[in-house]
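As a plain string of letters, each chain reads:
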Amino acid sequence: MAETVTITIDGQQFQVPKGINLVDAAKMSGTDIPVFCYHPKMDPVGMCRMCLVELGSVVTNRETGEPDVDDNGDPVVRWFPKLQTACTQTVSEGMVVRGATQRVRDARDDILEFILTSHPLDCPICDKGGECPLQNLTMAYGPGESRFVFDDKIRLDKHVPLGDLIYLDRERCIQCARCTRFCDEVVGDDVLAFHERGRRLQIVTISDPPFDTKFSGNTTDICPVGALTTADFRFGARPWELDEVPSICPHCPVGCNISASTRLDRDFGGKKVIKRIMPRQNEHVNEIWICDKGRFGHHHARAEERLTTPLLRRGDEWVAVDWDTAYSEIAGRLKKAGDNVAFLAGNNLSNEDLWELRKLAHRTSNTPRLGVWPAFMTGADAVAQAGVGTGTRLQDMGPDSAILVIASDFEEEAPVWWLQVKQAADRGAKVVVANGRPTKLDRYATEVVHYEYGDAVAVLNSFAARARSKNKIDADFTARVDGAAELEAELKGTRVPFADAAETLLDAEDLVIFAGGEGLTLDQHRELMQAAANLLLLTGHAGKPNNGLVPVWPGANLQGAFDLGFSAETTAALADQPPTVWFIGSADPAAEDAALVQSLANAEFVVVSTQFMTPTAAHANVILPAQSFAEREGTFTNGMRRVQRFYTAQGPVGDTLPEWRIYANIGARLGGDKPRISAALVMRDITQNVPRYAAMAYPALAAVEKQFPDVGGDDLYYGGTAYTNTGGLGIQWPANAEDESARLQVRPVQLDGYQIEGLFAVPVRVLYDRSTLFEQSEMMHTHVPEPFAEINNQDAAHIGIVDGEVIRLNVNGAQHLLTARVNGQAPAGVVLVPQLLSKTPIVIGPAACAIEKIGE
Amino acid sequence: MLAEKYADRIEKIFSKYPDKRSGIMDLLYLAQEEYGWLSEDTLREVAALCDVDPTQAHSIAGFYTMFSEKPKGTYWLQVCTDLPCALRGADQFYQELCAYLDVDDGGTTSDGLFTVEQVMCLAACDKAPMLQCNFHYYENLDMDIIKGLIEQWRAQAQQEAAE
């Protein structure tokens, strides 16, 4: 434990870490100090006055430096004449606190009576009722009846939309400023503020768009009353009817721990259904935050469009069949296909699904083709070597740390990591953002590098060259690294165009690199990941916590797919050698890649397991209805290689099955074993066959430990309604660099840029898109833009187009009508094309393009 | 627009502070001087100049009683009715003033000449009842004195209108 101090609370002595907040220290010691405005993840303000305590300190003799003692030999305590707010106190040696005295109790009663003067008594219809800090503290404190005149009660608006996701009830607000401080301190979007003062104080926004941060839902968790509610859950259910089921968000590589609040629902055939998604505390992953995509992106699990029975193509029609018929049809085809089949795994299949898909593939061929989708990022071998150390916590990164985010629009691709990196920057961590264009993280960056798309690898490689020329090579570490000397020789003489950025990174004690895939070809991306590993291994920034490489994969479980033998290179090779039979697991390549649409159309037989009728499924001969993350158990491996369990939250839709079971059933018809009876047993098979996953048995993944801050539990006032983690913190598999006996490898990287003349299109990722699952959350549709292309201002002026105009984009031999955005974001010569804003593929990688003005 | 009309003054304001957002109070005063009050559009204009979110400008304008987010009369009478002033009769004075001008709390007279409102402490408790008219202090008031002042201001306004 770090340095500690001894404090006395109500006569009992406790050792607590030096420098922490008194409310936190009391909480750690098992004493609750009630709070409304204080939140352990934000700076204290001392606004609500609920945390008043009697506070004293030991009197130190100025001459001797020893504590003064009274006649009995006890230290003399000097008490503050008035009660103090505990939340604004930092613990110090000898601090004495009394929280259980009548004086304190009276003060808290008075504060509560004051807070309640105009608070409405609408608990019976309030969403927060049942999990409300104010309700709970009113039961514990307060006079029971008010002396204020009811007729003087202030009446205010009860349904104020702060944007279209969050509603404000002005009467319920107790003006704790948690929401405004969250927006300001944590997120950095100052879109909520107080207006007026005194009794007229109100939360307002006049921002445009209004309350539209990607994290707005979190304010409803930390709101200590029912003033802020989500459009999703508002009047949806009562908290006490809900069962909390631990789960993992299926939308991005962060792997946020979530809690699915479920209940038996009339509107869902009396089965269990998800009513809302709440964050679940995991201080190694998402702390207590989730983004709005995770919070509001669960509706796909119960969407009416869900496929409920296996479908067989008969001519132009789909015929619903039973599972046996579907299995027999597929098994017969696979038997004949032999090596002529390709297996494509989507980015949110669970590890269990992937394992059974792989087993099925190996049953059809000795050298099966196992591809992932999407397939624009690779470099799992670099991650295996130099991946971020186990035990990494972004919230521990501060002034001694540096973070490089390269080739990623971080807030759009991994919002909660963005949030944590932004907060690290606030704490003094050096953040370098490198991309071909400005992104939102630039605001918080120490150094911003805007390279020309195509030069990403060269830029990262030059950082390693700078490490060499500035003697930042860690010789002790490189003794374990094969090829280090050759690489150093190769780096000699490399030009370093962004020397300040390089040195910002190299001067730090800890270094984490987040590598995305924006603007890179697959070959370049392999080199980018290697260049990242080179830099980290040469400088010894690997093999320990808060150091190493984190890939910003697209999707929740691409890491798992790579771990279990699937690869992006295999997918890329399918373009040249298309198989005659496709077996696609929950992927929708036809919505993203025009070339694959053709291959699918030409194929003899296509099997797709999916939850929805996607453009890819439309090419299928057999469609297998799959279960969503909500209806089954499984595990995802996040971008930091943490394997995390999700649990069954809702009843199954129709005849759907978990994909691992579907694949195992087909395998059984090809002579394989009977399917396992549970996902846990599939994972047991994985632990026995995949060395990295040896420790990932379900009981181990379910292990929890006490986390700080101790949010959740019954006292909701402390951290809000983020839930205690009861489902498991997950386990990270260690990178090779962490094993001191392991040899590591580096190699010089290929620096080739593009060979594209003139204007070229770069696909970019946006958070709110029309991907298969997220598209089903209709409430978010207003946040999904119409398909657009961002065009450089000069280029636009040259072609004669203005912001908002509809243009024609010619790319890869196809034409697309898109709305032009001319807003200074796109670099010269580049057209930024967001992916998946429609179901029509546009570009999948950097490609030459032309823009045409559409005649008047 | 402020940016064009007062380019020099704005530059001078910003030069006083380490970052632009610190200049927001000065700019809000400037905007109020120019437009008479702070409309939502004005708040957006100032926020853009200071590089902050419009909501923050709105919040600041709402907190300080010296800023007005509503159109005001020619004479803006702000009476302090905080506790020490009230003990010296300021609240009763305020009510009588409202009655005399025939306006509600915070209202403007029908001729558009006077706006009256209550404000928080103006740091002149010992001379209450007191008010500030367009930021000038008038102290140790009673109804006779204020009636005289009001006649003066009316006459002044008429004279200005005649010119």
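Residues numbered from 1 in each chain as written. Chains lettered and ligands numbered in written order. Predicted model: local features only at pLDDT ≥ 70, side-chain atom pairs only at ≥ 80, totals over all residues. Heavy atoms only, no water.

Each assigned domain of chain B is listed here: domain 1 (2-63) and domain 2 (75-162). Here the C-alpha centre of domain 2 of chain B lies 28 Å away from the C-alpha centre of domain 1 of chain B. (Domains from an automatic or database assignment.)

All right, on to the sheet that holds strand β28 (residues 634-637) of chain A then. All names here are of chain A. The antiparallel open sheet is built from three strands, whose spatial order is β28-β29-β30. Across the chains shown, the open sheet's two edge strands, defined by having one partner strand only, are β28 and β30 (731-732). Those strands touched by helix α8 (residues 351-364) are β28 and β29 (642-646), and its axis lies near 95° from that of β28. (Pairing = 2+ DSSP bridges. Helix = DSSP H or I, 4+ residues; strand = E, 2+ residues; numbered from the N terminus. Contact = heavy atoms within 4.5 Å. Axes fitted to C-alpha atoms, helices over the stretch in contact; angles between N-to-C directions.)

What follows is about helix α8 (residues 143-162) of chain B. Residue and element names in this part refer to chain B. An ideal rise of 1.5 Å per residue puts 28 Å on 20 residues; α8 measures up with 28 Å between its terminal C-alpha atoms. For α8, the complete set of buried residues consists of M143, I146, L149, I150, W153 and A157. Projection of α8 onto a plane perpendicular to its axis shows the buried side chains occupying an angular sector of 120°, all on one side. Across from the buried face of α8, at angles greater than 90 degrees, the exposed residues are D144, Q158, Q159 and A162. Taking the backbone nitrogen of D144 as reference, a side-chain oxygen 3.0 Å away marks D142 as the first, capping residue of α8. (Expected span 1.5 Å × (residues − 1). Buried < 20%, exposed > 50% of the residue type's maximum accessible area, 1.4 Å probe, protein only. Arc of directions from axis to C-beta. Polar contact = N/O pair within 3.5 Å; in protein donor to acceptor, adjacent residues only side chain to side chain.)

This part covers the domain arrangement of chain A. All names here are of chain A. What the domain assignment reports for chain A is domain 1 (4-116), domain 2 (151-241), domain 3 (311-377 + 558-732), domain 4 (380-551) and domain 5 (760-853). Relative to domain 4, the C-alpha centre of domain 3 lies at a distance of 31 Å. In this assembly, 13 residues from domain 3 lie in contact with 20 residues from domain 4. For the pair domain 3 and domain 4, the summed buried surface comes to about 1300 Å²; carbon and sulfur atoms form 63% of the total. Three residues stand out in domain 3 for area buried against domain 4, namely M377, M640 and R641, and they jointly supply 43% of the buried area on that side. One can count one salt bridge joining domain 3 with domain 4. (Buried area = accessible area lost by both parts, 1.4 Å probe. Salt bridge = Lys/Arg side-chain N within 4 Å of Asp/Glu carboxyl O.)

Before going further, it helps to examine the packing of α8(A) against helix α21 (residues 679-689) of chain A. Helix-helix packing is described using two parameters, namely the angle between the two axes and the distance between the axes. All names here are of chain A. Their axes nearest at 9 Å, the elements α8 and α21 cross at an angle of 65°. Comparing the axis directions of α8 and α21 gives the class roughly perpendicular. At the point where α8 passes α21, the crossing takes the left-handed sense. Counted together, N351, E352, W355, E356 and K359 of α8 and A679, V682, M683, D685, I686 and N689 of α21 form the full contact between these two elements. (Parallel < 35°, antiparallel > 145°, perpendicular 65-115°, else oblique. Left-handed = near helix turned anticlockwise from the far one by under 90°.)

A separate point is the state of the cysteines. Tallying each qualifying case throughout the model produces zero disulfides over all chains. Unpaired in terms of disulfides, C87(A) finds its nearest cysteine sulfur in C51(A), a separation of 3.9 Å. The exposure class of C87(A) is buried, given its relative accessible area of 1%. Of the cysteine sulfurs around C125(B), a residue in no disulfide, the closest is that of C121(B), at 4.2 Å. (Disulfide = S-S within 2.5 Å.)

Residue and element names in this part refer to chain A. Most of strand β1 (residues 4-9) is tucked away, with five of its six residues classed as buried. Sheet topology note: the β1/strand β2 (residues 12-17) ladder contains six bridges and is antiparallel. Bridge pairing in β2 links I7 to F14. In textbook terms, the turn of a hairpin is the stretch between consecutive antiparallel strands, and for β1 and β2 this stretch comprises two residues, one of which, D10, has a positive phi near 50°.

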